[in-house]
Amino acid sequence: MFSFKKQVAPGAFFAICMAVSSARAFAVGMVPEVPVLLVDEAIGEATINVQNTDDQPALLYTVIENIPQDSEHLLVVTQPVARVEAGATQQLRFILQSAKPLETERLKRVIFEGILPAETGGQAQVKLGVRQNIPVILRPASLPVEREPWKGLSWSLRDGKVQVRNASPYVVRLAKSVSIMPLGIPLDLPRTYVLPGEELVLTGAEVVGATVRLSPASTYGFAMGTYDAPLVAR
């Protein structure tokens, strides 16, 4: 049986399970085997192994989260709550459910959280482990693999403001800060990804420059050094 550290009403249980417990930073908790989950439309599903690295059994609670820019529910997990023994691994299956073929890559996120047993004082309690939150990329069946999607971004300068446009069908992930060269003027993106068809305006001082130096991430989430893109005046 599981007991929980904070007394809660039954209807509030799952809301509390989604809260972050930063105070338990010493526990690694439920750890996915990869930093990014890729779901290929041609296959229709993907699996991922999640390990319970704590020294006691826990409930693995898995939540698929839509990003603010894309609220369409396209993905389901077959076992959102599962008991995982200490040191054991749980395999989760994610199934793509779309009413029509994907035209571009889509971005979602998945949260893995462990609900740990706690000492009871005769009351129901909640004790959360460390939350792991990783991106999920849904890839259209007809879309070729692109290993350097950030090269498809277009950077422009208008009235001292830098804009970036992603005309490609790929999700581009990169560090939130870029530098305008040759002076190295730092500017911030609104977030660490640019979706297909999006145009974003960077924040910071008015600038002049010739190139934008960015720090992209690969599809699998690995840092790819820096890349200099031309900055075109409009």
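Residues numbered from 1 in each chain as written. Predicted model: local features only at pLDDT ≥ 70, side-chain atom pairs only at ≥ 80, totals over all residues. Heavy atoms only, no water.

**Q** For the overall build of the protein chain, give the residues involved together with the corresponding values.
**A** Counting its secondary structure elements, the protein chain contains one helix and 18 strands. Taken over 234 residues, the protein chain has a buried fraction of 44%. Restricting to contacts in the protein chain with at least 6 residues of sequence separation, those with at least 24 account for 66%. Counting only carbon and sulfur atoms, one obtains 53% of the accessible surface of the protein chain, whose full area is about 11,900 Å². (Helix = DSSP H or I, 4+ residues; strand = E, 2+ residues; numbered from the N terminus. Buried < 20%, exposed > 50% of the residue type's maximum accessible area, 1.4 Å probe, protein only. Contact = heavy atoms within 4.5 Å. Areas by Shrake-Rupley, 256 points an atom, 1.4 Å probe, with all protein chains shown as cover.)

**Q** Account for the nonpolar core, with residues named and values stated.
**A** Ranked by size, the top nonpolar core spans 22 residues in total, and within it Leu37, Val39, Ile48, Leu92, Phe94, Phe112 and Leu138 carry the most contacts. Looking at this core, the elements with two or more residues in it are strand E2 (37-40), strand E3 (45-52), strand E4 (58-66), strand E5 (75-77), strand E7 (89-96), strand E8 (106-115) and strand E9 (132-139). Filtering out sequence-adjacent residues up to four positions away, leucine 138 remains in contact with Val39, Leu74, Leu75, Leu96, Leu102, Thr104, Glu105, Arg106 and Lys108. Leu153, Leu157, Val162 and Val178 belong to the second largest nonpolar core, which has 20 residues in total. (Core = buried A, V, L, I, M, F, W, Y, C linked by side-chain atoms within 4.5 Å.)

**Q** How would you sum up the confidence of the model for the protein chain? Please name residues and give values.
**A** In regions of low pLDDT, the predicted coordinates are not meant to be interpreted in detail. Per-residue confidence for the protein chain gives a mean pLDDT of 86, with 85% of residues at or over 70. A low-confidence stretch, residues 1-27 stays under pLDDT 50, and its non-local contacts, those more than four residues away or across chains, total 62 contacts. (pLDDT = per-residue confidence, 0-100.)

**Q** Explain the pattern of salt bridges residue by residue, including any values.
**A** Scanning the model with the defined rule gives 11 salt bridges in all. Glutamate 113 is paired through a salt bridge with arginine 131; the nearest N and O atoms lie 3.3 Å apart. In this pair, glutamate 113 sits in strand E8 while arginine 131 sits in the loop between E8 and E9, placing the two residues 18 residues apart along the sequence. In this structure glutamate 113 comes out as buried when scored by relative accessible area, which is 1%. The network of salt bridges with common partners includes Asp70, Glu72, Arg106 and Lys108. (Salt bridge = Lys/Arg side-chain N within 4 Å of Asp/Glu carboxyl O.)

**Q** Describe the pairing of strand E10 (residues 153-158), and please don't skip the residues or the numbers.
**A** Pairing of E10 with strand E11 (residues 161-166) involves six bridges; the strand directions are antiparallel. In the strand pairing of E11, leucine 157 is matched with valine 162. Joining the antiparallel neighbours E10 and E11 is a turn of two residues, in which aspartate 159 adopts a positive phi near 50 degrees. (Pairing = 2+ DSSP bridges.)

**Q** Please give an account of the sheet that holds E3 that cites residues and values.
**A** Two orientations exist for strands paired in a sheet by backbone hydrogen bonds: parallel and antiparallel. One open sheet accounts for four strands, arranged E1-E3-E7-E5; its pairing is antiparallel. The sheet terminates laterally at strand E1 (30-32) and E5, the two strands that pair on one side only. Recorded for the sheet is a direction-independent mean angle of 30 degrees between the axes of neighbouring strands. Of the pairings in the sheet, the one linking E3 to E7 comprises seven bridges and is antiparallel in character. For glutamine 51, the partnering residue across the bridge sits in E7 and is threonine 89. (Axes fitted to C-alpha atoms, helices over the stretch in contact; angles between N-to-C directions.)

**Q** Describe in detail the sheet that holds strand E13 (residues 177-181), supporting the description with residues and values.
**A** Taken together, seven strands build an open sheet; the order of strands is E14-E13-E17-E18-E10-E11-E16 and the sheet is mixed. Strands at the two margins of the open sheet, each flanked by one partner only, are strand E14 (185-188) and strand E16 (199-201). Going from strand to strand, the sheet's axes swing by 30 degrees on average, the running direction of each strand aside. One ladder, built from four bridges, connects E13 with E14; its direction is antiparallel. When the sheet's bridge partners are listed, valine 178 is paired in E14 with leucine 187.

**Q** Could you give me a rundown of the environment of valine 212, with the residues and numbers involved?
**A** Examined against the element boundaries, valine 212 turns out to sit in strand E17 (residues 211-214). In the structure, valine 212 is positioned 14 residues away from threonine 226 in sequence and 10.0 Å away in space, judged by C-alpha atoms. Residues in contact with valine 212, not counting those within four places in the same chain, are Trp155, Val178, Ser179, Ile180, Tyr227, Asp228, Ala229 and Leu231.

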